[in-house]
Amino acid sequence: MSHNVAQTKQRDVRGLAKVAGTVVLASFLFGFAMVPLYRIACEHVLGIKLAGDVVAQETVAAMEVDVSRTVAVEFVAGVNSRLPWEFAPEVSRIEVHPGALTEVWFDATNTAGSAIVGNAVPSVAPSSASLYFNKTECFCFTEQKLDAGESRRMPVRFVVDPRLPADVRTLTLSYTFYENEIATRRLAATAHASPSLAQH
Amino acid sequence: MAHAAVHDDHHDHHAAPQGFLARWVFATNHKDIGTLYLVFSLLMFFVGGSMAMIIRAELFQPGMQLVEPEFFNEMTTMHALVMIFGAVMPAFVGLGNWMIPLQVGAPDMALPRMNNLSFWILPFAFFMLLSTLFMPGAGPQGGWTLYPPLSMQGGHAVAFAIFAIHLMGISSIMGAINIIATILNMRAPGMDLLKMPIFVWSWLITAFLLIAVMPVLAGAVTMLLTDKYFGTSFFNVAGGGDPVMFQHIFWFFGHPEVYIMILPAFGIVSEIIPTFARKPLFGYQAMIYAIASIAFLSFIVWAHHMFTVGMPLGGELYFMYATMLIAVPTGVKVFNWVTTMWEGSMTFETPMLFALAFVILFTIGGFSGLMLAIVPADFQYHDTYFVVAHFHYVLVTGAVFAIMAGAYYWLPKWCGNMYSERWGKIHFWSSVISVNVLFFPQHFLGLAGMPRRIPDYNVAFADFNMISSIGGFWFGASQLLFVGVIVHAVFFSKNRATQQVWEGARGLEWTVPSPAPHHTFETPPVIDDSMLAHGDVSH
């Protein structure tokens with residue numbers, strides 16, 4: 001009788017330990033599930049656009065230009081401290097009508113002695129207005145490769161959605177350029193590999 | 001039935017078995033493992049404390065005097081990791097190991113071998129973490145929160161710290177599973193859930209928090225590791241990641257974690273105050289529900305640690321109000337402790353003094369927490385010494401004082417001797433005065449704008465920093481008294497403890513002899529409801 005009690009207890013303990021182990025595993029996976037959940041929460045619950053994805057021309061064409069008001073758009077450009085580039089907007093501030101397609105230009109120069117691939121990461125402030133800022137073309141959508149000493153003029157075409165709340169009078173679009181280390185390394189590897197191939 | 005466990009047990013019941021190594025390295029006895037945890041945490045308390053002494057010495061005067069800024073940053077980072085994962089958490093697990101089986105009438109923990117493993121992982125984890133201090137490229141310097149991109153800019157020490165954190169996490173998870181299994185399966189017949197001592201309840205809830213959030217931390221640091229070494233971009237902006245996301249994942253672990261470090265303290269204090277007030281705990285069930293509510297709320301308030309990252313207004317308002325809500329169950333607990341003492345026949349032995357200091361000083365830390373919860377105010381307080389003062393009030397005068405209270409309270413049961421009441425009181429008064437000299441001025445420094453984690457500061461902050469450092473050295477030296485009192489009690493005291501030890505003590509642990517024999521409750525005890533710590537539950 002007492003043996004049975006002890007055995008049942010031991011079984012209960014094992015069962016409980018298994019349940020607890022499952023909770024542990026689920027929590028570990030939940031940590032990783034927070035990566036997509038974070039995006040979903042930002043974009044669908046809090047209304048912040050994280051990714052500066054391309055917006056189709058048609059969507060923008062369907063917007064009516066609101067000539068009754070203007071919004072100031074300011075441009076900020078910076079480079080990560082590890083990237084030896086110079087990077088600046090050609091104009092730092094313009095006034096636009098919501099709904100009107102606008103084009104601005106940015107200039108980047110590679111001051112290093114070798115080719116570097118960079119990626120620009122955009123950010124719109126205030127974050128609550130990020131939903132209303134649409135880019136139809138941007139150098140941030142792709143990798144930018146600059147050879148040693150090379151300069152490039154790069155366009156951004158954008159439309160401010162006319163549904164932008166009236167209390168937002170100024171939008172700031174900022175870009176930070178980072179070195180794309182993997183692409184740069186690959187580039188350096190192919191550059192070294194090609195001469196040796198030629199010898200064969 | 002009365003002989004339940006005796007059949008399986010062929011050990012010698014009274015003498016401590018085997019040689020020294022076999023006893024401690026292969027320990028499966030909950031009391032031995034509890035002792036190992038407590039000794040280890042005391043050792044880590046001094047390792048982490050020495051780092052704090054270096055920090056306070058450098059901050060004694062403005063300007064750079066003693067250490068390089070890199071080393072200073074290593075000290076702030078390591079002090080936090082060592083104190084949280086090496087001192088406070090193992091101390092609670094040690095107290096839980098010792099007291100939970102005794103308090104619920106179980107012969108041992110449910111999973112004794114796992115118990116051994118979860119302790120012996122810890123010395124290796126800390127050896128790995130502390131070894132980074134001697135590595136080329138130095139130890140982690142980005143703060144215990146390991147925020148990327150800063151934390152990733154260190155050398156390979158980051159990888160050592162991450163693996164050490166993995167090990168500490170595995171250790172705590174196994175400890176938590178063991179405690180859950182013990183409490184739910186090993187209680188003596190008649191020890192219903194709502195008759196359990198409040199310390200056992202606080203640990204049951206804490207253990208659930210541990211298994212829910214430690215794996216999330218493991219996930220977060222694993223992402224850091226793959227970002228650094230395997231080319232992923234969870235937090236790397238250049239690859240499309242988001243460093244703010246790390247803060248969300250980290251604090252989803254981090255906020256429950258801070259309650260992991262205080263709920264068992266609530267339990268200890270709820271044991272001690274009734275004993276020395278000679279009254280049952282007021283509102284036993286309310287206390288349990290309060291702990292459970294605090295535990296639940298801890299999961300939904302994490303972003304109050306990061307009000308300044310640029311959250312939408314709605315998010316800030318939600319996290320502000322949800323955070324303030326925690327003051328309600330916490331207030332219930334403070335009121336119940338005070339009401340327990342009301343019209344009680346109080347005496348002020350050392351454990352009670354520490355418990356009283358806990359109630360008062362933890363409440364001060366709670367109030368500064370409420371101030372920090374106010375979003376517009378937090379923009380000024382964020383990352384200043386006000387935050388440092390706040391969390392040291394809840395962790396040092398909260399968690400650490402409760403651990404010391406528990407150590408004084410149960411020490412006679414562990415070693416069979418009374419400690420020196422005179423030196424215990426000297427230790428208490430020296431600690432309680434110096435800790436306020438140490439941390440109270442830091443509130444003012446923070447309000448005046450002194451940032452945390454800096455080795456040098458504006459001369460305007462000089463006087464308060466000097467006062468704080470003097471308090472720091474004094475508090476650090478006072479803890480040597482603690483070691484002295486313990487060593488004296490264990491090895492030299494001639495004053496034998498009685499079985500009940502304290503006149504007003506109630507509960508199963510006081511029904512076994514002092515010192516508690518190596519094996520207890522092999523025959524389940526008969527529960528006498530009127531002898532429960534919180535009074536007769538039928539009323």
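Residues numbered from 1 in each chain as written. Chains lettered and ligands numbered in written order. Predicted model: local features only at pLDDT ≥ 70, side-chain atom pairs only at ≥ 80, totals over all residues. Heavy atoms only, no water.

K.L.:
Please explain the overall build of chain B as it appears in this structure.
P.N.:
A count of helical and extended segments in chain B gives 16 helices and 0 strands. Here chain B has a C-alpha radius of gyration of 23 Å; the compact-globule value for 539 residues is 24 Å, and the two agree. Each of the three principal axes of chain B carries a C-alpha extent, and together these read 70 × 50 × 50 Å. When each of the 539 residues of chain B is scored for burial, the buried share is 61%. Within chain B, counting contacts between residues at least 6 apart in sequence, those at least 24 apart form 83% of the total. Here chain B holds 18 positive side-chain charges and 28 negative ones, and the gap between their average locations is 8 Å. (Helix = DSSP H or I, 4+ residues; strand = E, 2+ residues; numbered from the N terminus. Rg over C-alpha atoms; globule rule 2.2 N^0.38 Å. Buried < 20%, exposed > 50% of the residue type's maximum accessible area, 1.4 Å probe, protein only. Contact = heavy atoms within 4.5 Å. Lys, Arg positive; Asp, Glu negative; His and termini not counted. Charge placed at Lys NZ, Arg CZ, Asp CG, Glu CD.)

K.L.:
What is the right way to read the sheet that holds strand β1 (residues 71-79) of chain A from this model?
P.N.:
In a beta sheet, neighbouring strands are held together by backbone hydrogen bonds and run either parallel or antiparallel to one another. Residue and element names in this part refer to chain A. With mixed pairing, the 5 strands of this open sheet are ordered in space as β3-β1-β9-β5-β7. Of all the strands in the sheet, just β3 (93-96) and β7 (144-146) have a single pairing partner and so form its edges. With direction set aside, neighbouring strand axes in the sheet form an average angle of 30°. Alignment of strand β5 (residues 116-125) against β7, held across 3 bridges, turns out to be antiparallel. Note on β7: the bridge partner recorded for Gly118 is Gln144. (Pairing = 2+ DSSP bridges. Axes fitted to C-alpha atoms, helices over the stretch in contact; angles between N-to-C directions.)

K.L.:
Even after reading the chapter, I still don't get the nonpolar core, so can you show me in this structure?
P.N.:
In summary, soluble globular proteins display a tendency toward joint burial of nonpolar side chains. Of all hydrophobic cores here, the largest spans 193 residues; its most connected members are Phe85, Phe126, Leu263, Trp337 and Phe358 of chain B. Counting residues in hydrophobic clusters, the runner-up holds 31 residues, among them Val71, Val96, Cys138 and Leu164 of chain A. (Core = buried A, V, L, I, M, F, W, Y, C linked by side-chain atoms within 4.5 Å.)

K.L.:
What's the story with the interface of chain A and chain B in this structure? I'm lost.
P.N.:
For an interface, size is often stated in terms of accessible area lost upon the parts coming together. Facing 34 residues of chain A, the contacting portion of chain B comprises 36 residues. Summed over the shared surface of chain A and chain B, the number is 0 salt bridges. Run the count over chain A and chain B and you get 4 residue pairs in polar contact (both at pLDDT 80 or more). Going through the elements one at a time, α1 (2-45), β5 and β9 (170-179) of chain A are the ones with two or more residues in the side of chain A that touches chain B. Here the side of chain A that touches chain B gets 23 residues from one element, more than from any other, and that element is α1 of chain A. Grouping the amino acids of the side of chain A that touches chain B by side-chain chemistry returns 21 nonpolar, 8 polar and 5 charged. (Salt bridge = Lys/Arg side-chain N within 4 Å of Asp/Glu carboxyl O. Polar contact = N/O pair within 3.5 Å; in protein donor to acceptor, adjacent residues only side chain to side chain. Nonpolar A, V, L, I, M, F, W, Y, C, P; charged D, E, K, R; others polar.)

K.L.:
I keep staring at the packing of aromatic side chains and nothing clicks. Help me out?
P.N.:
Aromatic ring pairs are reported here in terms of the distance separating the ring centres and the angle at which the planes meet. A complete count under the given rule lists 56 aromatic pairs over all chains for this structure. An angle of 70° between the planes, with centres 5.2 Å apart, marks the rings of Trp144 of chain B and Phe250 of chain B as edge-to-face. Of the two residues, Trp144 of chain B sits in the loop between α4 (112-131) and α5 (157-185) while Phe250 of chain B sits in helix α7 (residues 243-260), which places them 106 residues apart along the sequence. Grouping residues by exposure puts Trp144 of chain B and Phe250 of chain B together as buried. A cation over an aromatic ring shows up here: Arg153 of chain A above the ring of Trp105 of chain A, its NZ or CZ 4.3 Å from the ring centre. (Phe/Tyr/Trp six-rings, centres within 6.5 Å; stacked < 30°, edge-to-face > 60°. Lys NZ or Arg CZ within 6 Å of the ring centre and 35° of its normal.)

K.L.:
Where do I start with the state of the cysteines in this structure?
P.N.:
All names here are of chain A. Per the counting criterion, the structure on display carries 1 disulfide over all chains. With its sulfur 2.2 Å from that of its partner, Cys138 forms a disulfide with Cys140. Sign of the S-S torsion, about 130° for the bond between Cys138 and Cys140, identifies this disulfide as right-handed. We note that Cys138, like Cys140, is buried. Distance from the sulfur of Cys42, which forms no disulfide, to the nearest cysteine sulfur (Cys140) is 18 Å. Residue classification places Cys42 among the buried positions, given a relative accessible area of 8%. (Disulfide = S-S within 2.5 Å.)

K.L.:
Could you clarify how one ought to interpret the pairing of β3 of chain A in this entry?
P.N.:
One face of the sheet, then the other: side chains in a regular strand alternate in exactly this way. Residues and elements named next belong to chain A. Of the two faces of β3, only the one carrying Ile94 and Val96 is buried; Arg93 and Glu95 on the other face are not. Pairing between β1 and β3: 4 bridges, direction antiparallel. In the strand pairing of β3, Val71 is matched with Val96.

K.L.:
For this particular structure, what's the right way to read the domain arrangement of chain A?
P.N.:
Domain annotation for chain A reports domain 1 (1-47) and domain 2 (49-188). Each of domain 1 of chain A and domain 2 of chain A has a C-alpha centre, and the two are 44 Å apart. (Domains from an automatic or database assignment.)

K.L.:
It is not clear to me how the sheet that holds strand β8 (residues 151-160) of chain A should be interpreted in this structure. Could you clarify?
P.N.:
Residue and element names in this part refer to chain A. What the 4 strands build is an open sheet, ordered β2-β4-β8-β6; its pairing is antiparallel. Both edges of this open sheet fall to β2 (85-89) and β6 (133-138), since each of them pairs with a single strand only. The average angle at which neighbouring strand axes cross in this sheet is 25°, direction not considered. By the bridge criterion, 8 bridges tie strand β4 (residues 102-110) to β8 in an arrangement that is antiparallel. Along β8, the bridge assignment pairs Ala108 with Arg152.

K.L.:
I'm lost on the confidence of the model for chain A in this one. Help?
P.N.:
Regions with low pLDDT should not have their predicted coordinates read in detail. This prediction gives chain A a mean pLDDT of 83; 88% of its residues lie at or above 70. Within the model, pLDDT remains below 50 along residues 196-200 of chain A, and this stretch shows 0 contacts once partners closer than five positions in the same chain are excluded. (pLDDT = per-residue confidence, 0-100.)

K.L.:
Before we go on, may I ask you to explain the confidence of the model for chain B in this structure?
P.N.:
Residue and element names in this part refer to chain B. Per-chain confidence: chain B averages 92 in pLDDT, with 96% of residues scoring 70 or above. A low-confidence stretch, residues 1-14 (pLDDT under 50), is modelled with 18 contacts involving residues beyond four sequence positions or located in other chains. Predicted complex, confidence summary: ipTM 0.80, pTM 0.87.

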